[in-house]
Amino acid sequence: MTAENGSFFPTRILLLSRTKMVNYKVTVYTGDLAGATTLNNVYIKLVGTDGESQRKWMTGLKGATAFIAGEMSTITVSCPTSLGKLVLIQLDKQRLPLIPEDSWFPAKVEVKSPCGDTYKFPIYRWITDSEVHHFREGTALRVFEDDNHLGAYSREKELKQRSKDYCWDVFVEGIPHCIKVDNPLDLPCEVRFSFTKTTEFAFTASTGLAELNLKGLAASKESWSNIDDINRVFWWKKTEISDYVQEHWKEDAFFGYQFLNGVNPMLIRRCSVLPSNFPVTNDMVFPNHQFNLAQEMKNGNIFLCDYKRLDGVKTSIINEKKQYLMAPLVLLHKTPDKRLMPIAIQLKQTPTDDNPIFLPTDSKYDWLMAKIFVRSAEFSEHELNVHLLRTHLLAEVFAVSLLRNIPMVHPLYKLLIPHTRYTLQINFLARLRLISETGVFTKFTASGGEGMITILRRSLSSMTYRSLCIPEDIADRGLETVPNFYYRDDGLRLWKIINRFVQGILEHYYKSDTEVQKDSELQKWIGDIFEHGFLSQPSTGIPQRFTTVPELVKFVTMVIFTGSCQHAAVNSGQYDYGGWMPNTPTSLQQPPPTKKGTTNEATMLKTLPDVSTTAQGMATLWLLSKQSSDFVPLGQYPEEHFTEEIPRQLIKDFQAELKTLSSEIKERNSTLEIPYTYMNPAEVENSVAI
Ligand code: FE2
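Residues numbered from 1 in each chain as written. Predicted model: local features only at pLDDT ≥ 70, side-chain atom pairs only at ≥ 80, totals over all residues. Heavy atoms only, no water.

Participant: Can you tell me about the sheet that holds strand 4 (residues 72-79), naming the residues and giving the values?
Facilitator: Spatially, 4-1-6-7 is the arrangement adopted by the four strands of the open sheet, whose pairing is antiparallel. The open sheet is flanked by strand 4 and strand 7 (118-122), the only strands paired with a single partner. Neighbour to neighbour, the strand axes of the sheet diverge by 20 degrees on average, direction disregarded. Bridge count for strand 1 (residues 22-30) against strand 6 (residues 106-112) is six bridges, and the pairing is antiparallel. Paired with Lys25 across the strands is Lys112, a residue of strand 6. (Pairing = 2+ DSSP bridges. Helix = DSSP H or I, 4+ residues; strand = E, 2+ residues; numbered from the N terminus. Axes fitted to C-alpha atoms, helices over the stretch in contact; angles between N-to-C directions.)

So, in structure tokens, the structure goes:
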């Protein structure tokens, strides 16, 4: 084998009779992306089972315009004999004198053989150097069936390079591992933000804070003197739902509603026995004996939200002031008119005299303050556990493991690569700008700094595979029949649709459990996920290896669901529900009342975050909720990694099912006071990208 110098076959084969040349029509498509064009000279070589062509300069009628973004270019490659079945192509580009080396984004190459067969070579990669790059023919192949020596060689070479390009790193001990990179520009080109995404992200980030700086808000350490003054910040950006929140944030029914359909639908669970540290009595919650607490628990009408993960977490200091974060317990009652009403709140885990159980019958401000402390605990629980850990950090682990262990020709790569788009870079930016020592989260939230690490570690150590699979999660939390629970309704339907699609694809390639067991690349993928994502904790229930096809199908369904639907559910509404600060304070500046009857409006204003903290929180939530214009919705695959008929048909079926669901969700939403849009497939992004 002499592939290192560009040739797989001895020269003599190429010199065989030239009497009857065979012609291959080669079409190269350049991707339609900013910066995809190359002005360098492009060369191609075809490699088949029976021989290889000469390396041919791709020049033609179009000249220098041949490789312009969105364009295609065709040439004929003539060979003395048939190359047999095409296995791969080699592509390289060389700069001309005086023209600098540029980056080129070839999308795909199609080759029409003399017998009339069309071979498709998906690429969708940046070529930035003058090295020779190998790209396999599009038919998906698992390692044990990749028996052509040329294919096997290129497969091995690709993975060797990938394991150098994508290395694991430890951000802090006790949380999932991440990609090792010091700067976004160190990320391999194919996983970086596009030019469009980079520009828009930087623009939204800088204009948000610049506007607040101009207003003098970002520097003000004052407390709010009037709740209506928050409008000075709030009018800056609005959504229909943030308007609704501003109007309804104090209402009990809306407080309850958010546990089902706000940005964190993951904490609430049915309560059949009161926790021993939450001594609520019947007289407290049903003073007129309208209901009986024990009976209502039996009837499945009582629900609990327990923030015990936050207990004893060290809080930060903001603008020289100590901050407060509670670990509340909230009891809710499903009323006969199908509303979920909070009936008791205890703000700390240990029941003591100075830790009263607050009730809706308490004074207006006692009850409102109790709810504000819950909503502020909700901010940390949601952002760190539900959003950062359970979607962003896991999606990164799935992606890095894929890139390190699975070559492009593998069906799993083709299936999952679109669901990793932008994840590595957005997570790098989150580590740099949000949770680093100088990050916004560290500086302006109660759990910033050490507290954040404690919460993330506790969250990971209690995370289970079941809780990542929505059908099991809903059943385990006893939420199957709760009315008006749109996260569940849309999520379960999406899970089923994704599951059917994944099953179709994987069962097409894996005809038996034995095939799963002997796919060493697949086994390395899950092994890396278990080790680097779940820190080798068997208690998570995450498989350490796959033994059956259904096991594989379920896990891959979870991977796609987590990066797309689950992330959308917990990400897209951040500004809707957090934009009006009193509904989701990032931090609180005073401890909670230890006695009833001691609070008033002034206490509340002194407790809410100061002006600068409010402004920073709002600007960040706006940035994190903003969809970029090159957003790719769930199930859309502009890059055609699958070239075979069956998977392509399965993709069409998947898209049709998603379209139907999207219409049904829109229809349902038109009847709702607060539409639940986050899991409408048309609004769900394919990957964790923001
Ligand atoms: Fe996100």
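Picking up after the structure, the text goes on.
Participant: Can you lay out the confidence of the model for the protein chain for me, pointing to particular residues and giving the numbers?
Facilitator: Confidence in the prediction of the protein chain, expressed as mean pLDDT, is 93, and 95% of residues score 70 or more. Below pLDDT 50 for its whole length, residues 1-5 participates in 10 contacts with residues either more than four positions away or in separate chains. Ignoring residues within four places in sequence, the model shows residues 12-18, a span with pLDDT below 50, making six contacts including any to other chains. (pLDDT = per-residue confidence, 0-100. Contact = heavy atoms within 4.5 Å.)

Participant: An account of the packing of helix 9 (residues 364-405) against helix 11 (residues 423-434) is requested, with residue identities and associated values reported.
Facilitator: Their axes nearest at 9 Å, the elements helix 9 and helix 11 cross at an angle of 135 degrees. Regarding the angle of helix 9 to helix 11, the classification is oblique. The two elements helix 9 and helix 11 meet at a crossing, and its hand is left-handed. Contact residues: His392, Leu393, Ala395, Glu396, Ala399, Val400 and Leu403 in helix 9; Thr423, Leu424, Ile426, Asn427 and Arg431 in helix 11. (Parallel < 35°, antiparallel > 145°, perpendicular 65-115°, else oblique. Left-handed = near helix turned anticlockwise from the far one by under 90°.)

Participant: Account for the layout of surface pockets, naming residues and giving values.
Facilitator: Estimates place the volume of the largest pocket at around 1100 Å³. Counting only elements with at least two residues in the lining of the largest pocket, the list comes to strand 6 and helix 3 (195-214). For the lining of the largest pocket, the class distribution of residues is 21 nonpolar, 11 polar and nine charged. Computed from the structure, the second largest pocket encloses a volume of approximately 860 Å³. In this structure, the second largest pocket is lined by 32 residues; those nearest its centre are Arg125, Val132, His133, Lys157 and Gln161. With 10 residues, helix 2 (residues 149-165) is the single largest residue contributor to the lining of the second largest pocket. For the lining of the second largest pocket, the class distribution of residues is 11 nonpolar, six polar and 15 charged. (1 Å grid on protein atoms, 1.4 Å probe; cavity = no way out; pocket = protein on both sides within 12 Å on 5 of 7 lines; lining within 4 Å. Points joined across faces, edges and corners; volume = space filled by probe spheres on them. Nonpolar A, V, L, I, M, F, W, Y, C, P; charged D, E, K, R; others polar.)

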